[in-house]
Amino acid sequence: MSEDIKTFTISVYTENNIGLLNRISAIFQRRHINIESLTTSQSEIDGVNRFVIVVNITETNAIKIVKQIEKQVETIRAYYHTDEETIFMESGMFKIKSDLLFDEPQIQNIIKESYARIVTVNKEFFVLEKSGRRNEIESLRRDLNVFGIMQFVRSGRIAVTKDEMKVTEMLTAFNNQ
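All figures in this text were calculated on a predicted structure; none of them were measured in a lab.

**Remarks on the overall build of the protein chain**
- A tally of helices and strands in the protein chain yields 6 helices and 9 strands.
- With respect to the principal axes defined by its C-alpha atoms, the protein chain has extents near 60 × 45 × 30 Å.
- Per-residue burial over the protein chain gives 41% buried out of 177 residues.
- Contacts in the protein chain between residues at least 24 apart in sequence constitute 75% of all its contacts with a sequence separation of at least 6.
- Here the protein chain displays about 10600 Å² of accessible surface, and carbon together with sulfur accounts for 48% of that area.
- One way to put it: in the protein chain the 23 positive side-chain charges average out to a point 4 Å from where the 25 negative ones average out.

**Focus: the environment of Glu44**
- By the secondary structure assignment, Glu44 is in the loop between β2 (35-42) and β3 (49-57).
- For Glu44, a relative accessible area of 44% translates into the label partly exposed.
- In this structure, the C-alpha to C-alpha distance between Glu44 and Gly148, residues 104 residues apart in sequence, is 39 Å.

**A short note on the domain arrangement of the protein chain**
- When its domains are assigned, the protein chain resolves into domain 1 (6-87 + 158-176) and domain 2 (89-154).
- For domain 1 versus domain 2, the separation of C-alpha centres amounts to 31 Å.

**Considerations on the pattern of salt bridges**
- Applying the stated criterion across every chain, the model contains 9 salt bridges.
- Notably, a salt bridge pairs Arg157 with Asp83, separated by 2.8 Å at the nearest N-O pair. Separated by 74 residues along the polypeptide, Arg157 in the loop between β8 (151-154) and β9 (158-161) and Asp83 in the loop between β4 (75-82) and β5 (86-97) bring together distant segments of the chain.
- Arg157 gets classed as buried once you look at its relative accessible area, which sits at 7%.
- Its salt-bridge partner being Glu138, residue Arg141 comes within 2.6 Å of it at the nearest N-O pair. With Arg141 and Glu138 both in helix α5 (residues 134-145), this residue pair falls 3 residues apart, about one helical turn.

**Comments concerning the sheet that holds strand β1 (residues 6-14)**
- Taken in spatial order, the 4 strands make up an open sheet running β2-β3-β1-β4, and their pairing is antiparallel. The open sheet terminates on both sides in strands that have one partner only, identified here as β2 and β4. Within this sheet the neighbouring strands show an average axis-to-axis angle of 15°, counted without direction.
- Here helix α2 (residues 59-70) sits on the sheet and contacts β1, β3 and β4; the angle it forms with β4, its principal contact strand, is near 165°.

**Some remarks on the side chain of Glu138**
- For Glu138, a relative accessible area of 14% gives the class buried.
- Of the polar contacts made by the side chain of Glu138, one reaches the side chain of Arg141; its length is 2.6 Å.
- Those residues within four positions of Glu138 in sequence are excluded, and the remaining contacts are Phe152 and Arg154.

Conventions adopted
- Think of each chain on its own: its residues are numbered from 1, step by step along the sequence as written.
- Owing to the predicted nature of the model, reporting of local features is limited to residues with pLDDT of at least 70; listing and counting of side-chain atom pairs is limited to 80 or more, with chain, interface and lining totals taken over all residues.
- Where side-chain values are given, they derive from all heavy atoms of the structure, hydrogens and water being excluded.
- Only DSSP runs of H or I reaching four residues or more are called helices, and only runs of E reaching two or more are called strands; each is numbered from the N terminus.
- Here the term buried applies to any residue with accessible area under 20% of the maximum for its type, exposed to any over 50%, and partly exposed to those in between, with areas from a 1.4 Å probe on protein chains only.
- The contact criterion used throughout is that any non-hydrogen atoms of two residues lie within 4.5 Å.
- Each accessible area is a Shrake-Rupley result for a 1.4 Å probe, and residues are judged covered by the shown protein chains and nothing else.
- Charged residues are defined here as Lys and Arg on the positive side and Asp and Glu on the negative side; His and the ends of the chain fall outside this count.
- To locate a charge, take atom NZ for lysine, CZ for arginine, CG for aspartate or CD for glutamate.
- What counts as a domain boundary in this text is fixed by an automatic or database domain assignment.
- For this analysis, a salt bridge means a side-chain nitrogen from Lys or Arg found within 4 Å of a carboxyl oxygen belonging to Asp or Glu.
- We call two strands paired when DSSP finds no fewer than two bridges between them.
- Every axis in this analysis is a line fitted to C-alpha atoms, fitted for helices over the stretch in contact. Angles between the N-to-C directions lie between 0 and 180 degrees.
- Polar contacts, as counted here, are pairs of nitrogen or oxygen atoms within 3.5 Å of one another; within protein the pair requires one atom able to donate a hydrogen and one able to accept it, and residues that are adjacent in sequence qualify only if both atoms are side-chain atoms.

Printed below as a string of structure tokens:
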């Protein structure tokens, strides 16, 4: 019986120690699993960081990965969730020549229709920010590509679960040790 490959968001709560990112990425590398997106940030508890890792794997592999990550000394807890179990988004920034903003009325329409936000404007360039699903950001990138994008960057996924995670109580207890 073969399992379906699905997109999983793996959340890892950790102490902030040097070398942990390398060890976590090595877990995926050893299993020949490509990391689609990786974001790290402060979690809801001071002193505890959170990794948000997006991978396309089977659920069996997601379980194995989470167990392997939890063996790392600095890991407090790791979880995996499907897209249906999370609320997630990404952010993209686009740097475009300023003269196009005034000379090409179609760009203004694209900005309005995509709900992008102008972050800054100067004589040489303007910067747009778009938050949403990856397909929305990629659609805006395709639309703007026609006019020439000077620079483009997209963040990794940020996500929260739809269901309550009892991790906050556990992290508070960990932090008070």
